[in-house]
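Understanding the architecture of this molecule
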Amino acid sequence: MIKRLLARLQQRQEGITGLETAIILIAFVIVASVFAYVVLSAGLFSSQKVKEAVVAALDSTMAVVELKGDIIARMDSGVVSEIYLFVGIPSSGSPVDFSPSSANISPLVISYMDANNLVPTMNWTLTRLSEINADNILDPNELFQVTVAVPNTGNISIGPYHRFTLEVKPADGPVLSIERITPNRVSQYVNLH
């Protein structure tokens, strides 16, 4: 009986023909290539977005304002009335706009802070010390003097041993934070090291 069963099993051989195998193989290849195309497209799209983010970050960090020299304070009756900043940008940096708009508002903001006060916008004027062109855009190898007017009204009075912070905030790029303490010995012009 076992011999008959084995003989019967050998007679009923069913299997996949070569044509059916080729169709299945082609289907697998097509599905795999569609999947690979989707993965590559998503990868290329995300790498393009990463590139745009990196370029935007580099543009932002290259628009940096840096101090070029000392910070000088002008004293009137023992109280600071003006602060002189000398600023520039690195030679490989991006230009920074100091030009006022039609409402005499600049895209660059200078703020003041001490232990008791916060002034979000200080009045300031610009003097071009070295210039490549006649605009108010700080280019590489240019030097500007920024004169910050300190209002001696209300609670703001910068005298001896007074700690304060000025922040120069360009429209694009990092904030330049300047923290100083006025010395005890004051003359009309004081170097704030």
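In case you missed it, the structure is sitting above this.
In what follows, the accompanying structure is described.

Now for the pattern of salt bridges. One pass over the structure, following the stated rule, counts four salt bridges. With a shortest N-O distance of 3.2 Å, Lys 68 and Glu 66 are connected by a salt bridge. Note on Lys 68: relative accessible area 37%, which makes it partly exposed. Of the charged contacts, one joins Glu 167 and Lys 169 as a salt bridge, the two residues approaching to 3.5 Å between their closest N and O atoms. Given the relative accessible area of 24%, Glu 167 is considered partly exposed.

Summarising the element assignment, Asp 139 is placed in the loop between strand E8 (137–138) and strand E9 (143–149). Within the buried set, Asp 139 has no salt-bridge partner at all; the shortest N-O distance to an opposite charge, 9.3 Å, is to Arg 128. Ignoring sequence-local partners within four residues, the contact set of Asp 139 consists of Ile 89, Pro 95 and Asn 133.

Within the largest apolar cluster, 31 residues are counted, with the highest numbers of intra-cluster contacts made by Ile 83, Leu 85 and Phe 98. Of all the secondary-structure elements, those providing two or more residues to this core are strand E2 (72–76), strand E3 (79–88), strand E5 (109–114), E9, strand E10 (163–169) and strand E11 (176–181). Those residues in contact with Leu 85 that sit more than four places away from it in its chain are Ile 71, Phe 144, Gln 145, Val 146, Val 148, Leu 166, Val 168 and Ile 178.

So, on to the packing of aromatic side chains. Scanning the model with the defined rule gives two aromatic pairs in all. When the centroid spacing of 6.3 Å and the interplanar angle of 35 degrees are considered together, the rings of Tyr 84 and Tyr 189 count as tilted. Placement of Tyr 84 in strand E3 and of Tyr 189 in strand E12 (residues 189–191) is noted, with a sequence separation of 105 residues between them. Under the relative-accessibility criterion, Tyr 84 is labelled buried at 13%. Arranged with centres 6.1 Å apart and planes meeting at 25 degrees, the rings of Tyr 112 and Phe 164 form a pair that is stacked. Of this pair, Tyr 112 sits in strand E5 while Phe 164 sits in strand E10, and the two are 52 residues apart along the sequence.

The rules behind these values
- Residues numbered from 1 in each chain as written.
- Predicted model: local features only at pLDDT ≥ 70, side-chain atom pairs only at ≥ 80, totals over all residues.
- Heavy atoms only, no water.
- Salt bridge = Lys/Arg side-chain N within 4 Å of Asp/Glu carboxyl O.
- Buried < 20%, exposed > 50% of the residue type's maximum accessible area, 1.4 Å probe, protein only.
- Helix = DSSP H or I, 4+ residues; strand = E, 2+ residues; numbered from the N terminus.
- Lys, Arg positive; Asp, Glu negative; His and termini not counted.
- Contact = heavy atoms within 4.5 Å.
- Core = buried A, V, L, I, M, F, W, Y, C linked by side-chain atoms within 4.5 Å.
- Phe/Tyr/Trp six-rings, centres within 6.5 Å; stacked < 30°, edge-to-face > 60°.

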